[in-house]
Amino acid sequence: MRIEHVTVYHVRMPLQHAFVTSTGGRSERDALILEVREASGAVGWGECVAGLEPRYSEETVHTAWAVLEHFLLPVLLERDWAHPQEFPQAVAWVRGHPMAKAGVEMALWDLYGKLQGRSLKDLLGGVRDRVAVGVSIGIQPTPEDLVRRVALFLEQGYRRIKIKIRPGRDVQDVAAVRRAFPEVPLQVDANSAYTLTMARERLRPLDEYDLLLIEQPLAHDDLWDHRALQAEFRTPLCLDESIRHRRAARQALEMGACRIINIKQGRVGGLTEAVAIHDVAREKGAPVWCGGMLETGIGRAANLALASLPNFRLPGDISATDRYYARDITVQRFTLNEDGTVSVPTAPGLGVEVDREALAHYTLASRRWSRA
Ligand code: OSB
Ligand code: MG
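The structure contained in this document is the topic of the report that follows. Keep in mind that what you see is a predicted model, and the values were worked out from it rather than measured. (Residues numbered from 1 in each chain as written. Chains lettered and ligands numbered in written order. Predicted model: local features only at pLDDT ≥ 70, side-chain atom pairs only at ≥ 80, totals over all residues. Heavy atoms only, no water.)

The N-to-C vectors of helix 1 (residues 61-78) and helix 3 (residues 98-116) enclose an angle of 45°; their axes lie 9 Å apart at closest approach. Taken together, the axes of helix 1 and helix 3 lie oblique to each other. Once helix 1 is placed against helix 3, the crossing between them reads as right-handed. Here A64, V67, L68, L72, L73 and L76 of helix 1 lie close against helix 3, whose contacting residues are A100, K101, V104 and L108. (Axes fitted to C-alpha atoms, helices over the stretch in contact; angles between N-to-C directions. Helix = DSSP H or I, 4+ residues; strand = E, 2+ residues; numbered from the N terminus. Parallel < 35°, antiparallel > 145°, perpendicular 65-115°, else oblique. Left-handed = near helix turned anticlockwise from the far one by under 90°. Contact = heavy atoms within 4.5 Å.)

See below:
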């Protein structure tokens with residue numbers, strides 16, 4: 001692959017419902033979309049999942065734009081690429097900025113798959129045509145509103161519910177959902193809102209609600225205190241923010257900081273590292289599942305391909321398009337199958353087509369760089 005041009009689009013898309021977590025809320029989703037183009041006209045698309053503010057991690061659309069401009073795109077444009085996996089090696093010298101790196105790598109995977117006539121699922125070693133999914137529900141104004149919202153998604157056919165929690169809206173919310181739906185597969189995500197002391201004082205009752213897992217209760221960069229907390233809970237802890245690469249995954253599982261890992265290709269620097277984490281967890285007998293960052297159809301297609309790998313054994317945060325966007329930037333809209341799954345795209349590359357009119361509609365800024 002010889003990339004002649006790359007275009008970065010900063011998009012802002014209205015969400016169907018405001019998404020509130022322990023770190024704040026938002027009603028619009030910002031992201032960067034990357035388009036890489038060969039002289040032949042072949043195109044690959046990628047999504048950088050950084051948001052407007054550094055609440056989930058340090059990265060934002062603006063830090064990613066700067067790192068792309070000054071460091072990553074010059075590398076992309078200076079040589080030819082035989083395989084997408086060469087890119088993370090070539091930019092390993094750039095410390096951090098995993099979401100910026102992942103956006104470029106995704107575009108290379110899409111282009112590579114199209115050139116080879118193979119789907120991303122096949123390229124990554126996926127084994128399923130449809131993947132089990134759930135819905136991630138933000139913090140609602142009251143526990144009663146939350147129960148109504150859970151009921152709505154269960155009626156739509158979702159088979160697993162994840163609710164966001166924060167101090168003051170944790171045990172009470174879980175109790176309300178459990179009372180209304182005693183059997184539903186249920187998990188919670190704190191997005192790092194607790195200290196070890198607070199978690200010990202407040203979250204102990206959660207162990208009695210038969211939760212699938214408790215996601216990232218403690219600091220975003222912590223392993224050691226999670227280890228202490230996991231030792232005191234029957235319910236598996238699952239790490240999201242703390243797992244940035246395969247080494248952290250190995251260490252977390254070896255020390256018992258968690259028993260399950262949430263994999264997001266953006267958080268870990270791309271699909272290559274995501275597959276490596278999947279493999280580490282499989283060797284250690286720990287399940288993984290695919291997290292979400294409210295992706296557009298581009299990132300959603302990548303998540304579906306990733307989640308088709310064998311050790312993705314719990315439902316992913318990969319809901320149907322209409323749960324996120326009234327109008328998406330891909331022509332394809334993903335829908336929920338009757339069995340609570342979403343089908344994995346089969347066409348070459350990501351298997352989706354970009355709706356350029358929709359992309360232009362949502363674009364706040366864009367810029368093209370070309371090979372020297
Ligand atoms: O922690 O999983 C998270 C969205 C933005 C930032 C962090 C998280 C999330 C989600 C969204 O839970 C899940 C989805 O895309 O459906
Ligand atoms: Mg999470």
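So that's the structure; there's more coming.
Another aspect to go through is the sheet that holds strand 7 (residues 186-189). As summarised here, the arrangement of the 7 strands in space is 5-6-7-8-9-10-11, forming an open sheet in which the pairing is parallel. Sheet topology places strand 5 (135-137) and strand 11 (288-290) at the edges, where each strand pairs with a single neighbour. As paired strands, strand 6 (residues 161-164) and strand 7 are joined by 4 bridges and run parallel to one another. When the bridges of strand 7 are listed, K164 appears paired with D189. Across the sheet, helix 6 (residues 171-180) is in contact with strand 6 and strand 7; its angle to strand 7 comes to roughly 165°. (Pairing = 2+ DSSP bridges.)

Donor atoms from the polypeptide that bind the magnesium ion (ligand 2) are D189 (OD), E215 (OE) and D240 (OD), placed at 2.1 to 2.3 Å. Here the donor residues of the magnesium ion (ligand 2) share one chain and are spaced in sequence as D-x25-E-x24-D. One end of the pair, D189, is in strand 7; the other, D240, is in the loop between strand 9 (237-239) and helix 9 (246-255), with 51 residues separating them in the sequence. The residues D189 and D240 share a single accessibility class, namely buried. (Donors = N, O, S within 2.8 Å, 3.2 Å for Na, K, Ca; no water. Buried < 20%, exposed > 50% of the residue type's maximum accessible area, 1.4 Å probe, protein only.)

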